[in-house]
Amino acid sequence: MDMKFKGTKPSRRAFLSGALAAGGAAASAGMVKAQEAVITEKQPWAQYLGDGVDAFPYGSPSKHEAHVVRRSVEWLTADPISSVNFTPLHELDGIITPNGLCFERHHGGIAEVEPADHRIMINGLVDKPLVFTMQDLMRYPRENHVYFLECAANSGMEWAGAQLNGCQFTHGMIHNVMYTGVPLRLLLEEAGVKTNGKWIMVEGADASGMNRSIPIEKALDDCLVAFKMNGEALRPEQGYPVRLVVPGWEGNMWIKWLRRIEVGDQPWHAREETSKYTDLFENGQARRFTWEMDAKSVITNPSPQAPLTHGKGWTVLTGVAWSGRGTIPRVDVTIDGGKNWHQARMSGPSMNKSMHRFYYEFDWDGSPLLLQSRAHDSTGYVQPTKNELRAIRGENSIYHNNGIQTWYVNEQGIAENVEIS
Ligand SMILES: Nc1nc2c(c(=O)[nH]1)N[C@H]1C(S)=C(S)[C@@H](COP(=O)(O)O)O[C@H]1N2
Ligand SMILES: [Mo]
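What you see is a predicted model; the values in this text were computed from it and never measured.

Visitor: Help me understand the environment of D127 in this model?
Guide: Residue position: D127 is located in the loop between strand 3 (120-124) and strand 4 (130-132). Note: C-alpha distance between D127 and G50 (77 residues apart in sequence) is 62 Å. Leave out the neighbours within four places in its chain, and D127 touches A191, G192 and K194. Among the polar contacts made by the side chain of D127, one reaches the side chain of K194 at a distance of 3.5 Å.

Visitor: Help me out: how do you make sense of the sheet that holds strand 4 in this one?
Guide: One key point about sheets: their strands pair by backbone hydrogen bonds, in either a parallel or an antiparallel sense. Spatial ordering of the open sheet is given by 4-3-12-7-8, a layout of five strands whose pairing is mixed. A strand with exactly one partner marks an edge of an open sheet, and here the two such strands are strand 4 and strand 8 (211-215). Within this sheet the neighbouring strands show an average axis-to-axis angle of 20°, counted without direction. Of the strand pairs in this sheet, strand 7 (residues 199-204) and strand 8 are connected by five bridges, and their pairing is antiparallel. Note that in strand 8 the partner of E203 across the bridge is N211.

Visitor: Mind showing me how you'd approach the site of ligand 1 here?
Guide: The immediate surroundings of ligand 1 are formed by 22 residues, with F103, H107, D206, R243 and K256 found nearest. Contacts to ligand 1 include H107, whose side-chain N or O atom sits 2.7 Å from an oxygen atom. In the environment of ligand 1, an oxygen atom lies 2.7 Å from a nitrogen or oxygen atom belonging to the side chain of R243. Coverage of ligand 1 by the protein chains reaches 100% of its 530 Å² of free accessible surface.

Visitor: Please explain the domain arrangement of the chain as it appears in this structure.
Guide: Frequently, the measure chosen for interface size is the accessible area removed from exposure when the parts meet. Each assigned domain of the chain is listed with its residue range as follows: domain 1 (99-287) and domain 2 (296-418). Of note, the centres of domain 1 and domain 2, computed from C-alpha atoms alone, are 28 Å apart. With 38 residues of domain 1 at the interface, the matching set in domain 2 holds 36 residues. Of the roughly 3100 Å² buried between domain 1 and domain 2, counting both surfaces, carbon and sulfur atoms make up 56%. Where domain 1 packs against domain 2, one counts three salt bridges.

Quick notes on the rules
- Residues numbered from 1 in each chain as written.
- Chains lettered and ligands numbered in written order.
- Predicted model: local features only at pLDDT ≥ 70, side-chain atom pairs only at ≥ 80, totals over all residues.
- Heavy atoms only, no water.
- Helix = DSSP H or I, 4+ residues; strand = E, 2+ residues; numbered from the N terminus.
- Contact = heavy atoms within 4.5 Å.
- Polar contact = N/O pair within 3.5 Å; in protein donor to acceptor, adjacent residues only side chain to side chain.
- Pairing = 2+ DSSP bridges.
- Axes fitted to C-alpha atoms, helices over the stretch in contact; angles between N-to-C directions.
- Near = heavy atom within 4 Å.
- Areas by Shrake-Rupley, 256 points an atom, 1.4 Å probe, with all protein chains shown as cover.
- Domains from an automatic or database assignment.
- Buried area = accessible area lost by both parts, 1.4 Å probe.
- Salt bridge = Lys/Arg side-chain N within 4 Å of Asp/Glu carboxyl O.

Shown next as structure tokens:
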């Protein structure tokens, strides 16, 4: 909003226009003040010529957007080499995450792979072990799909109670990108999976050599060996030159810098599926192989990093929702801590295993708010409360926390991470 217009109250009539009657948004433009200098005086950018076309061979955002960056939580990990940063969800709109803002999670730093020296290997229970160069890979039929990648640890710091103050930190281990890649099925079919080949093991070329087991049904279903994100080459942080895409399943399985696919008759029981990425239950037992990401949503605005700065009146509440099992036909929103629920307005493409955008416009009366969103996915599953999850999982879990998030907004519009019991 243009703060230069502050003091001019939006006209009530604007809100009664057709758009509002239809349940849509209401405009809140200021009324024209003829003497306003920003209108009557020629601004600097109209007084001189701008940069020419060759000034920025690869473009970057406006300097006014310099605060829109990935951020990390200092105390969370011992070392930035094996760490995570977070997508600034509260600064984004629509459903696509810009490449430079996709959160990063790596266990051995960003591998600097020479594409010409990189090989992808298929071995194990196959008729014909194969090795692919990047150039070989580019000669197979490719597909484009938009998928979210969520780290299973997303919201993991919130099991014992509200902790991190901002959706970037509570929910920012997610990105949503259009991938271009070759269906893994095509490569496996070429190698010829033997009848006892029931699992694959996928391995990264980075120093962590991260590996995971994936059942053959998933490998032959919708996995992609991807080399492009949002149209351009994968970023080094995201696995350049090639990563595995495992739609709807936990981010840990999306091996970056993919170098090897071994076919076997049973899972490998790798570190990342025994010591890590298992889910502790209240009774002390742990669940393994929680692959699918359950439906989840979060309100991105307002939120602790994005307070309500305009005072009372019409405001746009927005957020994102996703499910590893399909689409999100519906999101409910409450502004009073669950006393009343309203169906949010979905906007933007609704794609399988992709992020969805929702909006709820309301006339804020200036009193405190308790904001929550609740996603419904295409299987009929409804996002649970944190306490419903804790009843089964206890408070000492890390992974797969898809509970409903609450933001408290005070009279000043300042938002805070809270829980209501
Ligand atoms: N080779 C390799 N692949 C990896 C990792 C890694 O450390 N090394 N981290 C995994 C984890 S835990 C997650 S959540 C995702 C993160 O993907 P991103 O960095 O594109 O966000 O990559 C996965 N793939
Ligand atoms: Mo992860």
